[in-house]
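An overview of the molecular structure
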Amino acid sequence: MSNSIKEISLSGRKIEVSNKEMTFAERIYLPGILKGMGITLKHFFRPKNTIQYPEEKREFSPVFRGRHILMRDENGAERCTACGLCAVSCPAEAITMVAAERKPGEEKLYREEKYASTYEINMLRCIFCGLCEEACPKEAIFLTQDMAPADYIRDGFIYGKEKLVMPLEEDSRVDNSQKG
Ligand code: SF4
Ligand code: SF4
């Protein structure tokens, strides 16, 4: 190989490697340790980017899509009519439900004559795309700004109605402008 090819350095950061004997300090890694300590000290006094989650929470973007909520109407009745459009539109096939017929006397519980006796979302499959929210003709399902919490078992990620339906006393998790 000619000398002219040997000298080519495309990045401009070519370092000549020499086989010179290491000094005593180099043999006990002193320059490397001091350099490392210098980098550590430099970062020690810089503003920290890490946050102490869950005590400290990062502010999400206004368009962040988190866990779902099944809405109630102004009288506290469940809005979902188990039409299945959310399940059909879900690209991850994360939604399953069982429809049931409302019985006389249950008008205060369910707004429509048909309701979901079982409604489940598999949070391990969900990609939080929001298509279920878009597809719902009853404004019954919304994605909130809450994160789906971690769990130790897979079953813990199957969210049934007990986790999804809006608690009666709480309707502040979704922006009021979203409700019909
Ligand atoms: S957010 Fe998307 S992936 Fe998740 S349940 Fe709704 S449609 Fe399916
Ligand atoms: S959440 Fe909406 S789209 Fe899904 S089954 Fe209920 S009413 Fe239909």
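Residues numbered from 1 in each chain as written. Chains lettered and ligands numbered in written order. Predicted model: local features only at pLDDT ≥ 70, side-chain atom pairs only at ≥ 80, totals over all residues.

A few words now on the overall build of the protein. Check the secondary structure of the protein and you find six helices and five strands. In terms of overall dimensions, the protein is more spread out than a globule: its C-alpha atoms have a radius of gyration of 29 Å, far above the 16 Å expected for 180 residues. If you line up the protein on its principal axes, its C-alpha atoms span 95 × 40 × 35 Å. Relative to its 180 residues, the protein shows a buried fraction of 15%. By sequence separation, contacts in the protein at least 24 residues apart represent 75% of the contacts at least 6 residues apart. (Helix = DSSP H or I, 4+ residues; strand = E, 2+ residues; numbered from the N terminus. Rg over C-alpha atoms; globule rule 2.2 N^0.38 Å. Buried ≥ 20, exposed ≤ 12 C-beta atoms within 10 Å, placed from the backbone. Contact = placed C-beta atoms within 7 Å.)

Before going further, it helps to spend a moment on the site of ligand 1. Around ligand 1, a shell composed of 14 residues is seen, among which Cys-90, Cys-126, Cys-129, Leu-131 and Cys-132 lie nearest. When its residues are assigned to classes, the shell around ligand 1 shows twelve nonpolar, two polar and no charged. (Near = placed C-beta within 6 Å. Nonpolar A, V, L, I, M, F, W, Y, C, P; charged D, E, K, R; others polar.)

With that settled, the discussion passes to the confidence of the model for the protein. Looking at the protein, the pLDDT average stands at 89 and 91% of residues meet or exceed 70. Within the protein, the element-level pLDDT minimum falls on helix α1 (residues 3-6), averaging 60, and the maximum on helix α5 (residues 131-135), averaging 98. This model gives residues 175-180 a pLDDT under 50, and the stretch forms five contacts once residues within four places in sequence are excluded. (pLDDT = per-residue confidence, 0-100.)

What follows covers the site of ligand 2. Around ligand 2, 13 residues are found, and the nearest of them are Cys-80, Cys-83, Leu-85, Cys-86 and Cys-136. Broken down by class, the residue content of the shell around ligand 2 amounts to ten nonpolar, two polar and one charged.

Turning to the environment of Ala-100, a few remarks are in order. With respect to the helices, strands and loops of the structure, Ala-100 is situated in strand β2 (residues 95-101). In this structure, the C-alpha to C-alpha distance between Ala-100 and Asp-151, residues 51 residues apart in sequence, is 30 Å.

Moving on, we get to unusual backbone geometry. Of note, the bond from Tyr-53 into Pro-54 is cis; its omega dihedral lies within 30 degrees of zero at 10 degrees. Checked against the element boundaries, Pro-54 lands in the loop between α3 (30-44) and β1 (68-70). Phi is positive for Ala-82, close to 55 degrees, though the residue is something other than glycine. The residue Ala-82 is located in the loop between β1 and α4 (85-89) in this model.

This brings us to the sheet that holds strand β3 (residues 114-122). One key point about sheets: their strands pair by backbone hydrogen bonds, in either a parallel or an antiparallel sense. Taken in spatial order, the three strands of this open sheet run β2-β3-β5, and their pairing is antiparallel. Bordering the open sheet on either side are β2 and β5 (158-159), each of which pairs with just one other strand. Examined bridge by bridge, β2 and β3 share seven bridges and lie antiparallel to one another. Residue pairing in the sheet places Glu-101 in a bridge with Lys-114 of β3. (Pairing = 2+ DSSP bridges.)

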